[in-house]
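Each chain is listed here by its residues.
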Amino acid sequence: MKDIGKDSGKGKRENTDRIRNTRPKDSGAKLIFDNHILCAQFLRGYTDVDLLKDVQAEDIEDITERFLWMWQEGRDSDSVKKIRLKGIPGVETLFLIVLIEHQSKVDHDMPFRMLRYIVQVLTDYAQEQEEKKKGITKTKGFRYPPILPVVFYDGPGKWTAETSFRKKVYLNEILGEYIPDFQCLVVPLSQYSARELVEKGDELSLFMLIDQLRSA
């Protein structure tokens, strides 16, 4: 098992590639997504997204600080990452939004909270592109990058809230194609047995196992 707190020889790591938050009251998931090695292991092993199967720590940039103003009172664990994609012509970036839930009750407003993040991340991206080349967002060929919305649930029991934004809107069956829609990827920690986590044999699984035991 690698020492995730030391330089691996690929150069000096950024501070975001280290576990910085050691407060006991914080969820173990906060530690996972603060550390780019663990975050990369999560993307490779728990999202089932083929284009992320080879993502490495150095492909991840933390941009959470740009969106601190969106955090709700009492929440300090949301995470926004910019992921560099390799080998996909014309697409260089994917954004990862992770909302971490460790409450005893699921948040039924999660799809709307995620929608707010998605809009702000894309707004920030558009502004960044406009600074590089004014008027680029108004051109025919301009496209927005993909976003992977993830809910990491390490609370007790199953996640029972709706994961589709469209299904949270009235008349969605009639006006479906006119209503914004996306599906949150929910990763419930409790669905993995201790044996499954141990068999994965990496640092991330160890953190998840510890967090699972603490939640229990």
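Residues numbered from 1 in each chain as written. Predicted model: local features only at pLDDT ≥ 70, side-chain atom pairs only at ≥ 80, totals over all residues. Heavy atoms only, no water.

Turning to the overall build of the chain, a few remarks are in order. For the chain, the count of helices and strands is five helices and five strands. Across the chain, helices and strands are ordered from the amino to the carboxyl terminus as α-α-β-β-β-α-β-β-α-α. When burial is assessed residue by residue, the chain has 47% of its 216 residues classed as buried. Within the chain, contacts between residues separated by at least 24 positions form 57% of all contacts whose residues are at least 6 apart in sequence. Only carbon and sulfur atoms are counted for the fraction: they give 52% of the accessible area of the chain, which is about 12,700 Å². (Helix = DSSP H or I, 4+ residues; strand = E, 2+ residues; numbered from the N terminus. Buried < 20%, exposed > 50% of the residue type's maximum accessible area, 1.4 Å probe, protein only. Contact = heavy atoms within 4.5 Å. Areas by Shrake-Rupley, 256 points an atom, 1.4 Å probe, with all protein chains shown as cover.)

With that out of the way, let us pick up the nonpolar core. In this structure, Phe42, Leu43, Phe152 and Met208 are the most contacted members of the largest nonpolar core, which totals 30 residues. Elements with a minimum of two residues in this core: α1 (28-34), α2 (36-46), β3 (93-101), β4 (147-153) and α5 (203-215). Considering each element in turn, this core owes the most residues, six residues, to α2. Those residues in contact with Phe152 that sit more than four places away from it in its chain are Ala29, Ile32, Phe33, Phe42, Val98, Leu99, Ile100, Glu101, Val187 and Met208. (Core = buried A, V, L, I, M, F, W, Y, C linked by side-chain atoms within 4.5 Å.)

Before going further, it helps to examine helix α3 (residues 110-132). With 23 residues, α3 should reach 33 Å at 1.5 Å per residue; the first-to-last C-alpha distance of 33 Å fits that figure. Of all the residues in α3, the buried ones are Met110, Pro111, Arg113, Met114, Leu115, Tyr117, Ile118, Val121, Tyr125, Ala126, Glu128 and Gln129. Lining the buried residues of α3 we find β2 (79-84), β3 and β4. (Expected span 1.5 Å × (residues − 1).)

A few words now on α2. Across the 11 residues that make up α2, a large majority, nine, are buried. Those residues of α2 not exposed but buried are His36, Ile37, Leu38, Cys39, Ala40, Gln41, Phe42, Leu43 and Tyr46. Where α2 begins, one side-chain oxygen reaches toward the backbone nitrogen of Ile37, 3.0 Å away; that side chain belongs to Asn35. Once α2 ends, the next one or two residues include Asp48, with phi positive near 60°. (Polar contact = N/O pair within 3.5 Å; in protein donor to acceptor, adjacent residues only side chain to side chain.)

Once that is clear, we can look at the side chain of Ser79. Mapped onto the elements of the fold, Ser79 is located in strand β2. Once residues lying within four places of it in the same chain are set aside, the contact partners of Ser79 are Phe33, Asp62, Thr64, Leu96, Ile97 and Val98.

Time to look at the packing of aromatic side chains. Centre-to-centre distance and the angle between the planes together describe a pair of aromatic rings. Inspection of the entire model under this criterion finds 10 aromatic pairs. Pairing Phe142 with Tyr144 gives two aromatic rings, centres 4.9 Å apart and planes at 85°, and the pair type is edge-to-face. The class for Phe142 is buried, based on a relative accessible area of 12%. Site record: aromatic cluster; members linked through ring pairs are Phe33, Phe42, Tyr46, Phe152 and Tyr192. A cation over an aromatic ring shows up here: Lys200 above the ring of Tyr46, its NZ or CZ 4.6 Å from the ring centre. (Phe/Tyr/Trp six-rings, centres within 6.5 Å; stacked < 30°, edge-to-face > 60°. Lys NZ or Arg CZ within 6 Å of the ring centre and 35° of its normal.)

Glancing now at the environment of Lys158. Checked against the element boundaries, Lys158 lands in the loop between β4 and β5 (185-188). Considered as a pair, Lys158 and Pro188 are 30 residues apart in the sequence and their alpha carbons are 7.0 Å apart. Residues in contact with Lys158, not counting those within four places in the same chain, are Val106 and Tyr153.

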